[in-house]
Amino acid sequence: MKKALITGINGQDGSYLSELLLEKGYEVWGLLKRNSVAENQTARLDGVFKKINLEYADMLDLASLNRVLEQVRPDEIYNLAAQSHVRISFDQPIYTTQVVAIGTLNILESMKLLCPNSRYYQASSSEMFGNSFDDDGFQRETTSMNPTSPYGCAKVYGYNITRNYRHSYNLFASNGILFNHESPRRGSNFVTNKVAKEAVRIKYGLTDKLLLGNLDATRDWGHAKDYVKCMWLMLQHDTPDDFVCSTGISHSVRELCEHVFGKLDLDYKDYVGVDQKYMRPEELTDLKGDSSKTRRILDWKHEYTFETMLDEMVEHWEVIYG
């Protein structure tokens, strides 16, 4: 039985990845950062809670990482831990950078010292590209990286230190450059789930207004359930490498609102407004990924469309508020 260790296991991706690995017969371990409100900390893991093993540790506490890695000796390590909200990274730039950049260095150093034969997945991000595009309008593994947020800057460090450890110490360490991926388990302060949740609340008369940031920003949105399959495939490949995971189709926040409100027989223009506090100090206007390398080499494909992903999110909130 293979052992997998997931940092950030109680996040959206960690919960879906846990389910996937359990289906494949893994023994699953996860790291939790202590939260004073423990009751809500593992809510996304309710369906698998009794089947997984959880340990308290912190990405900035190398001793705690060493303790867990020495105990588990995992075959695979998935580093998903982060302060992952881009807009909030402008409010907490130092903390975001410490967790995302130094935290990645810490887990790699622990792996090098204690389990160098493990396979390592680094959760890299499309935010690393910033407003850089290739001539065809896509972003791929070879596109230059010019991040536009503290989060994106920290992710570039994590990406590069992963490559450095791969080359310097012959570690199996791969970067997954994932574009935006959502689900009903996404935090409701992220725009997709925020729109889905508030549109349903408006439908049932619980509120009457939704304020957002840049409605014309476009993103390449996929479903987290599809993308965790891509993570797993990267660690089953013969050699470590860097892979973009994306749908190749981008939509604007305005289109997102139009679809979600339309599904509820509402016109988003009657309810959606703009608030400057949701604007980023430096805007990232567009993201659109070319995952042809990933599809060709790993034989990966996504099952969800933009529309079916949003429909599932709306249905989730209708069950709660309907």
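It should be emphasised that the depicted structure is a prediction, and the values quoted were computed from it without experimental measurement.

Participant: Even after reading the chapter, I still don't get the sheet that holds strand β11 (residues 242–245), so can you show me in this structure?
Facilitator: Within a beta sheet, neighbouring strands are joined by backbone hydrogen bonds and run either parallel or antiparallel to one another. Strand order in the open sheet formed by 7 strands is β3-β2-β1-β4-β5-β6-β11, with parallel pairing between adjacent strands. On the outer flanks of this sheet lie β3 (53–56) and β11, each paired with one strand and no other. When the angles between neighbouring strand axes are averaged without regard to direction, this sheet yields 20°. Examined bridge by bridge, strand β6 (residues 172–178) and β11 share 4 bridges and lie parallel to one another. Pairing of N175 across the sheet is with D242, part of β11. This element, helix α6 (residues 150–169), spans β5 (119–125), β6 and β11 of the sheet and lies at about 150° to β6.

Participant: What exactly am I supposed to notice about the environment of C230 here?
Facilitator: Considering the arrangement of structural elements, one finds C230 in helix α8 (residues 224–236). Leave out the neighbours within four places in its chain, and C230 touches C245, T294, L298 and W300.

Participant: How should the nonpolar core be read in this particular structure?
Facilitator: Soluble globular proteins tend to bury their nonpolar side chains together. In this structure, I6, L17, L21, Y78, L80, Y121 and M231 are the most contacted members of the largest nonpolar core, which totals 31 residues. Broken down by secondary-structure element, the contributors of at least two residues to this core are β1 (3–7), α1 (12–23), β2 (27–32), β5, β6, α8 and β11. Here this core takes 8 residues from α8, the largest share from any one element. Of all hydrophobic cores here, the second largest spans 26 residues; its members include V195, A196, L256 and L310.

Participant: Help me understand unusual backbone geometry in this model?
Facilitator: Most peptide bonds take the trans configuration, and most residues that are not glycine carry a negative phi. Of note, the phi angle at R73 is positive, near 50°, even though the residue is not glycine. With respect to the helices and strands, R73 occurs in the loop between α3 (62–72) and β4 (76–79). Taking the relative accessible area as the measure of exposure, R73 reaches 42% and is therefore partly exposed. The backbone of D299 shows a phi angle near 55°, a positive value even though the residue is not glycine.

Participant: Could you clarify how one ought to interpret the side chain of R166 in this entry?
Facilitator: Within the fold, R166 resides in helix α6. Reaching out from R166, the side chain makes a polar contact with the backbone oxygen of A173 at a distance of 2.8 Å. The contacts of R166, once residues within four sequence positions are left out, are L171, A173, S174, N175, P240, D241 and D242.

Participant: Could you clarify how one ought to interpret the packing of aromatic side chains in this entry?
Facilitator: A ring pair, where both rings are aromatic, is described by two values, the distance of the centres and the angle of the planes. Per the counting criterion, the structure on display carries 7 aromatic pairs. Ring centres of Y227 and W300 lie 5.6 Å apart, and the angle between their planes is 85°; on these two criteria the pair is classed as edge-to-face. Of this pair, Y227 sits in helix α8 while W300 sits in the loop between α10 (292–298) and α11 (306–321), and the two are 73 residues apart along the sequence. Both residues of the pair, Y227 and W300, belong to the buried class. Over the aromatic face of W232 sits the side chain of K24, whose NZ or CZ is 4.1 Å from the ring centroid. Taking NZ or CZ as reference, K194 lies 3.6 Å from the ring centre of Y278, over its face.

Participant: What is the right way to read the packing of α1 against α8 from this model?
Facilitator: Describing two packed helices takes the angle between their axes plus the distance from one axis to the other. Viewed as axis vectors pointing N to C, α1 and α8 meet at an angle of 65°, and their least axial separation amounts to 9 Å. The two elements α1 and α8 meet at a crossing, and its hand is right-handed. Every residue of α8 that contacts α1 at Q12, D13, Y16, L17, L20 and L21 is listed here: A224, K225, V228, K229, M231 and W232. The residue makeup of the contact of α1 with α8, split by class, is 8 nonpolar, 1 polar and 3 charged.

Participant: Would you take a moment to explain the pairing of β2 for this structure?
Facilitator: Within a regular beta strand, the side chains point alternately toward one face of the sheet and then the other, so they alternate between its two faces. With 5 of 6 residues buried, β2 is to be regarded as a mostly interior element. In the sheet, β1 pairs with β2 via 5 bridges, with the strands oriented parallel. Across the sheet, residue I6 finds its bridge partner in β2, namely G30. Viewed along the sheet, the connection from β1 through α1 into β2 turns out right-handed. As defined by bridge partners, β2 adjoins β3 across 4 bridges and the pair is classed as parallel. Each residue of the ladder has a partner; that of L32, found in β3, is Y56.

The rules we used
Residues numbered from 1 in each chain as written. Predicted model: local features only at pLDDT ≥ 70, side-chain atom pairs only at ≥ 80, totals over all residues. Heavy atoms only, no water. Pairing = 2+ DSSP bridges. Helix = DSSP H or I, 4+ residues; strand = E, 2+ residues; numbered from the N terminus. Axes fitted to C-alpha atoms, helices over the stretch in contact; angles between N-to-C directions. Contact = heavy atoms within 4.5 Å. Core = buried A, V, L, I, M, F, W, Y, C linked by side-chain atoms within 4.5 Å. Buried < 20%, exposed > 50% of the residue type's maximum accessible area, 1.4 Å probe, protein only. Polar contact = N/O pair within 3.5 Å; in protein donor to acceptor, adjacent residues only side chain to side chain. Phe/Tyr/Trp six-rings, centres within 6.5 Å; stacked < 30°, edge-to-face > 60°. Lys NZ or Arg CZ within 6 Å of the ring centre and 35° of its normal. Left-handed = near helix turned anticlockwise from the far one by under 90°. Nonpolar A, V, L, I, M, F, W, Y, C, P; charged D, E, K, R; others polar. Right-handed = clockwise from strand over helix to strand, strands pointing away.

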